Amino acid sequence: MELTAFDWVVLAGAACLIGFAKTGVGGVAGVAVAAFAMVLPAKESTAAILVLLIVGDVLAVALYRKHADWRLLARLLPAVVPGLVFGAWFVHVVDQAVMRRSIAVILLVMVALQLWTRRRRGAAARAREAEATATGGTEAAAGAGRGITLPYTAAAERADVSRAEPTGGFASEPVEARRREAGWRQRVEAYVVGTVAGFATMTANAAGPVMTLYLLLSGRTVMQLLGTGAWYFLLVNVAKVPFSAGLRLFSADALLMDLLLVPALLAGAAAGTLVARRISLTVFGDVTLVLTSVAAALLLL
């Protein structure tokens, strides 16, 4: 694998962004994916970056492992398998040019999803603030201040069902019906999200925005989001290794390159833990979205 000095600079910067994404702001990972696809052959780039993602996942699990919601993971993980299989088939049948464009399109779709998610979160926060002002509810105001309030979520639905139960301890038929409907809807949502995330991560290592949106709408706390996401991506990325190996996307040169890039990843992870809480995440997120869009557009050329 012949790499120029400029290529190494780009790859080292991308590895640094992966570390930063795993411990700080996840959105920057899209820039790293695009950078690898610009420097390396598109198909092989997905396997090369996969190794670094797993290293970053191990760091994230070490930081947030105690906060995972394993019931939610149990719903999501089986649904990923069809997406991984479909993604592996797709990588196998398309050529390098189509693969390069596919990575670009997936990244642009994820950018759009992040923008939509941000808009929903902002609208939800404003609605909760207005409700808190009208009712004097301190809890709603506090939640809105933290920026983690959302529209009607699974957690809110469970709370509504709980409030609807009669005091005698026996749930009425309408309540039981709502419970069954909620459980069925959660299973369908988990399957759809898992399948889409499986395909996106197998083809472009870009499942982050899909999972972030789903975890946010599930009504978990911030720490649960971090812990559940850390375990989810570690397990899914490890599960992708046999698929990438079966497609012969790994090479000795690429693995050696990954080894040399690990220090840059660790530097990015350290920066993520120190910087992410001290900067304007809104501004940083805007810059990340612009860079990801530009990088994806370059892949389309």
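Rules behind the numbers
- Residues numbered from 1 in each chain as written.
- Predicted model: local features only at pLDDT ≥ 70, side-chain atom pairs only at ≥ 80, totals over all residues.
- Heavy atoms only, no water.
- UniProt positions renumbered as here; feature names shortened; annotations may be inferred.
- Helix = DSSP H or I, 4+ residues; strand = E, 2+ residues; numbered from the N terminus.
- Buried < 20%, exposed > 50% of the residue type's maximum accessible area, 1.4 Å probe, protein only.
- Contact = heavy atoms within 4.5 Å.
- Core = buried A, V, L, I, M, F, W, Y, C linked by side-chain atoms within 4.5 Å.
- Polar contact = N/O pair within 3.5 Å; in protein donor to acceptor, adjacent residues only side chain to side chain.
- Axes fitted to C-alpha atoms, helices over the stretch in contact; angles between N-to-C directions.
- Parallel < 35°, antiparallel > 145°, perpendicular 65-115°, else oblique.
- Left-handed = near helix turned anticlockwise from the far one by under 90°.
- Nonpolar A, V, L, I, M, F, W, Y, C, P; charged D, E, K, R; others polar.
- Phe/Tyr/Trp six-rings, centres within 6.5 Å; stacked < 30°, edge-to-face > 60°.
- Salt bridge = Lys/Arg side-chain N within 4 Å of Asp/Glu carboxyl O.

- Looking up the protein chain in an unreviewed UniProt entry gives the name Probable membrane transporter protein, with the organism given as Catenuloplanes nepalensis.
- Under the Subcellular location (unreviewed entry) heading, UniProt states for the protein chain: "Cell membrane".

### Some words on the overall build of the protein chain
Link 1 in the chain: Counting secondary structure elements, the protein chain contains 12 helices and 0 strands.
Link 2 in the chain: Within the protein chain, buried positions represent 43% of all 301 residues.
Link 3 in the chain: Counting contacts in the protein chain only where the partners sit at least 6 residues apart, residues at least 24 apart contribute 84% of the total.

### Description of the nonpolar core
Link 1 in the chain: By size, the foremost hydrophobic cluster in this structure holds 59 residues, and its most contacted members are Phe 36, Leu 76, Ile 103, Met 211, Tyr 214, Tyr 232 and Met 257.
Link 2 in the chain: Counting residues per element, this core draws most heavily on helix 4 (residues 70-93), at 8 residues.
Link 3 in the chain: Apart from the residues lying within four places of it in its own chain, the contact partners of Ile 103 are Val 33, Ala 37, Ala 42, Ser 45, Thr 46, Thr 203, Ala 204 and Leu 299.
Link 4 in the chain: If you look at the next biggest cluster of nonpolar residues, it comprises 6 residues, including Ala 60, Val 61, Ala 230 and Leu 234.

### Side note on the side chain of Lys 22
Link 1 in the chain: Relative to the helices and strands, Lys 22 is located in helix 1 (residues 5-23).
Link 2 in the chain: Only 2.6 Å separates the side chain of Lys 22 from the side chain of Asp 57, close enough to count as a polar contact.
Link 3 in the chain: If near-sequence neighbours (up to four positions away) are discounted, Lys 22 is found in contact with Leu 53, Gly 56, Asp 57, Ala 60, Tyr 64, Phe 233 and Asn 237.

### A word on the packing of helix 1 against helix 11 (residues 252-275)
Link 1 in the chain: For the pair helix 1 and helix 11, interaxial distance at closest approach is 6 Å and the crossing angle is 45°. When the axis of helix 1 is compared with that of helix 11, the two are oblique. The handedness of the crossing between helix 1 and helix 11 is right-handed. Within the contact between the two elements, helix 1 uses Trp 8, Leu 11, Ala 12, Ala 15, Cys 16, Ile 18, Gly 19, Phe 20 and Thr 23 and helix 11 uses Met 257, Leu 260, Leu 261, Ala 264, Leu 265, Gly 268, Ala 269, Ala 271, Gly 272, Thr 273 and Val 275.
Link 2 in the chain: Each residue belonging to the contact of helix 1 with helix 11 can be placed in one class, and the counts come to 15 nonpolar, 5 polar and no charged.

### Description of the packing of aromatic side chains
Link 1 in the chain: Scanning the entire structure with this criterion turns up 5 aromatic pairs.
Link 2 in the chain: Taking the centre distance of 5.7 Å and the plane angle of 15° together, the rings of Phe 86 and Trp 89 count as stacked. Placement of the pair is Phe 86 and Trp 89 together in helix 4, with a separation of 3 residues, close to one helical turn.
Link 3 in the chain: Taking relative accessible area as the criterion, Phe 86 reaches 45% and is therefore assigned partly exposed.
Link 4 in the chain: Assessed through its relative accessible area of 47%, Trp 89 is described here as partly exposed.
Link 5 in the chain: Among the aromatic side chains, those forming a connected cluster through ring pairs are Phe 86, Trp 89, Phe 90 and Phe 199.

### Some points on the packing of helix 1 against helix 2 (residues 29-39)
Link 1 in the chain: Between helix 1 and helix 2, the least distance of the axes is 8 Å, while the angle of their chain directions is 155°. On the basis of their axis angle, the class for helix 1 and helix 2 is roughly antiparallel. Like other packed secondary-structure pairs, helix 1 and helix 2 cross with a definite hand, here left-handed. Contact residues: helix 1 offers Asp 7, Val 10, Leu 11, Ala 14, Ala 15, Leu 17, Ile 18 and Ala 21, while helix 2 offers Ala 29, Val 31, Ala 32, Ala 35, Phe 36 and Val 39.
Link 2 in the chain: Counted by class, the contact of helix 1 with helix 2 contains 13 nonpolar, no polar and 1 charged residues.

### Here we look at the UniProt feature "transmembrane region" (unreviewed entry) in the protein chain
Link 1 in the chain: Residues annotated by UniProt as "transmembrane region" (unreviewed entry) correspond here to residues 47-65, 72-92, 98-116, 188-216, 222-243, 255-275 and 281-300.
Link 2 in the chain: Helix makes up 95% of residues 47-65 and strand 0%, whereas the separation of the span's terminal C-alpha atoms amounts to 25 Å.
Link 3 in the chain: Between the end C-alpha atoms of residues 255-275 the distance is 29 Å, and the span holds 100% helix and 0% strand.

### Here we look at the environment of Met 211
Link 1 in the chain: You can see Met 211 is positioned in helix 9 (residues 208-217).
Link 2 in the chain: Taking the C-alpha atoms as reference, Met 211 lies 7.0 Å from Ala 197; in sequence the two are 14 residues apart.

### Examining unusual backbone geometry
Most peptide bonds take the trans form, and the phi angle of most residues other than glycine is negative.
Link 1 in the chain: For Asn 205, which is not glycine, the phi torsion reads 50° and is therefore positive.
Link 2 in the chain: Tracing the chain through its elements places Asn 205 in the loop between helix 8 (173-204) and helix 9.
Link 3 in the chain: A positive phi angle, near 60°, is found at Arg 248, a position not held by glycine.
Link 4 in the chain: Structurally, the position occupied by Arg 248 is in the loop between helix 10 (222-246) and helix 11.

### A look at the pattern of salt bridges
Link 1 in the chain: Taken as a whole, this structure holds 1 salt bridge when the rule is applied.
Link 2 in the chain: Residue Asp 57 pairs with Lys 22 through a salt bridge whose shortest N-O separation is 2.6 Å. Highlighted residues: Asp 57 in helix 3 (residues 42-64) and Lys 22 in helix 1, separated in sequence by 35 residues.
Link 3 in the chain: The buried category is assigned to Lys 22, whose relative accessible area is 18%.

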